[in-house]
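Take a look at the letters that make up each chain.
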Amino acid sequence: MARRNLTILKRLLGCSLASSSSVPPAPGVGLSLDFKRSVTYMPRPGDGAPRAVTLIPGDGIGPLVTGAVEQVMEAMHAPVYFERFEVHGDMTKVPQEVIDSIQKNKVCLKGGLDTPVGGGVSSLNVQLRKELDLYASLVNCFNLPGLPTRHQNVDIVVIRENTEGEYSGLEHEVVPGVVESLKVITKFCSERIAKYAFEYAYLNNRKKVTAVHKANIMKLADGLFLESCREIATKYPGIKYNEIIVDNCCMQLVSKPEQFDVMVTPNLYGNLVANTAAGIAGGTGVMPGGNAGADHAIFEQGASAGNVGNEKLVKQKKANPVALLLSSAMMLRHLQFPSFADRLETAVKRVISEGRYRTKDLGGQSTTQEVVDAVVAVLD
């Protein structure tokens, strides 16, 4: 009788239970309840105000894919607006007005910036990370429903230290024909990236963190990194922690990637591991990512390989916008607009699953605009 009375009362009040383990309707009442949303998001006053986001279209396919994001955001009426700046990889430094904009807005969406090979030209990507202290790079590599890959059940998050290691940029020619390049590892940076990885795992219900290293050879540098990871691991007893040497890691990735969950790495290893994991899970064109610091975040295509495409892709306008669309969903969640992020992710995954509109890297012949139109068409 009590169960029946509760059900009738719910019907009269027009409410729903805050738990998915609800009391079923009593026989004969014929009550249909909707339990899709179990917890209501309660924003702080002003959370719904549109947010300014710095936009760097970048080089190559960058303007194509950032343009795709702009179209989808407009179609969703997402509460963001963009401040656009022209930055290109052949510049000697990032213009100060761009740095000022990111520091003011706290968030940036970026297309790929071309990095000249050799010649002593500094990477603007590295400049941005150092200037804004974006110490954590995060790339999420996972199987998309309907997209065939050699491995299933792949869902790997690669968290990479972003400011030191081999990317410190400390190189000099000792004597003609002999160049010395310094790898810098500090306890401070190693501890904070380890803490970021464990905090990410804890907040996202991840079960395991794997530290990637080469401490069998670089006993002091990578040894310090490992020592820092072990210390932080003791503060998260509910998360499993293990370690793997980077060469074995690459072999395990291509043979049994489903064993990995969250991976934390020094700078160079993370770049290699993230691109390898992206290739396993469907390609660099579908993997989202971003760079975060204490105060600022830049969202971009997760895997760096091929992120500026080639002239043929640009000319044919067939760049894959999926990676940056998913990265922009990460950005929306970072800005505390979770419903908009969910809508965007659901629409992108639906288009991929249906398989009618795919760019060449995913086995189709669609243009960037055709994929964008398909995503807009299925937005809830």
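Above this text sits the structure in question.
Model, not experiment: these values are computed from the prediction. (Residues numbered from 1 in each chain as written. Predicted model: local features only at pLDDT ≥ 70, side-chain atom pairs only at ≥ 80, totals over all residues. Heavy atoms only, no water.)

Peer 1: Before we move on, could you go through the pairing of strand β5 (residues 155-161) and cite the residues and values that matter?
Peer 2: Remember that side chains alternate between the two faces of the sheet whenever the strand is regular. Here β5 lies mainly inside the structure; six of its seven residues are buried. Direction of pairing for strand β4 (residues 136-142) relative to β5: antiparallel, over a ladder of seven bridges. The residue bridging C141 from the neighbouring strand is I156, located in β5. Summarising the sheet, β5 and strand β10 (residues 262-265) pair through four bridges and their orientation is parallel. Within β10, the position partnered with V157 by the bridge is V262. (Buried < 20%, exposed > 50% of the residue type's maximum accessible area, 1.4 Å probe, protein only. Helix = DSSP H or I, 4+ residues; strand = E, 2+ residues; numbered from the N terminus. Pairing = 2+ DSSP bridges.)

Peer 1: So what's going on with helix α11 (residues 338-354)? Residues and values would help.
Peer 2: Between the first and last C-alpha of α11 there are 24 Å, a value that for 17 residues agrees with the 24 Å anticipated at 1.5 Å per step. Turning to α11, its buried residues are A341, L344, E345, A347, V348, V351 and I352. Here the buried residues of α11 occupy an arc of 160° about the axis, which is enough to place them on one side. Among the structural elements, α2 (62-76), α10 (322-334) and α12 (368-377) are those in contact with the buried residues of α11. (Expected span 1.5 Å × (residues − 1). Arc of directions from axis to C-beta. Contact = heavy atoms within 4.5 Å.)

Peer 1: I'd love a proper account of the nonpolar core, names of residues and values included.
Peer 2: Among the nonpolar cores identified, the biggest contains 88 residues, and L332, L344 and V375 are the most heavily contacted of them. The leading source of residues in this core is α10, at eight residues. Ignoring any residue separated from it by four or fewer positions in sequence, one finds V375 in contact with V72, L325, L344, A347, V348 and V351. (Core = buried A, V, L, I, M, F, W, Y, C linked by side-chain atoms within 4.5 Å.)

Peer 1: Which residues make up a nonpolar patch on the surface, and what values go with them?
Peer 2: On the surface, V174, V175 and V178 cluster together into a nonpolar patch covering about 230 Å² of accessible area. Relative to the helices and strands, V178 resides in strand β7 (residues 178-181). (Patch = residues over 30% accessible without salt bridge, like charges linked within 9 Å, V, L, I, M, F, W, Y side chains within 5 Å. Areas by Shrake-Rupley, 256 points an atom, 1.4 Å probe, with all protein chains shown as cover. Salt bridge = Lys/Arg side-chain N within 4 Å of Asp/Glu carboxyl O.)

Peer 1: Tell me about the side chain of N320, residues and numbers included.
Peer 2: As for its position among the elements, N320 is in the loop between α9 (311-316) and α10. The class for N320 is buried, based on a relative accessible area of 8%. For N320, the side chain forms a polar contact with the main-chain nitrogen of V322, separated by 3.0 Å. Here D361 takes part through its side chain, which lies 3.0 Å from a polar atom of the side chain of N320. Apart from the residues lying within four places of it in its own chain, the contact partners of N320 are V65, G285, V286, T359, D361 and L362. (Polar contact = N/O pair within 3.5 Å; in protein donor to acceptor, adjacent residues only side chain to side chain.)

Peer 1: With reference to specific residues and values, describe the packing of helix α5 (residues 187-203) against helix α6 (residues 221-233).
Peer 2: Packed helices, taken two at a time, are described by the angle between their axes plus the distance between the axes. Here α5 crosses α6 at 45°, and the two axes come no closer than 8 Å. One element, α5, and the other, α6, form an angle in the oblique class. You can see that α5 and α6 cross each other, and the crossing is right-handed. Across the interface between the two elements, K187, S190, E191, I193, A194, K195 and F198 from α5 touch L224, F225, E227, S228, C229, E231, I232 and A233 from α6. Residue composition of the contact of α5 with α6, by class: eight nonpolar, two polar and five charged. (Axes fitted to C-alpha atoms, helices over the stretch in contact; angles between N-to-C directions. Parallel < 35°, antiparallel > 145°, perpendicular 65-115°, else oblique. Left-handed = near helix turned anticlockwise from the far one by under 90°. Nonpolar A, V, L, I, M, F, W, Y, C, P; charged D, E, K, R; others polar.)

Peer 1: Residues and numbers for the sheet that holds strand β2 (residues 80-84), please.
Peer 2: Pairing within the open sheet is mixed, and its 10 strands lie in the order β2-β1-β3-β12-β11-β4-β5-β10-β8-β9. Of all the strands in the sheet, the pair left with one neighbour each is β2 and β9 (240-245). Ignoring strand direction, the axes of neighbouring strands in this sheet form an average angle of 25°. Of the pairings in the sheet, the one linking strand β1 (residues 51-56) to strand β3 (residues 107-110) comprises three bridges and is parallel in character.

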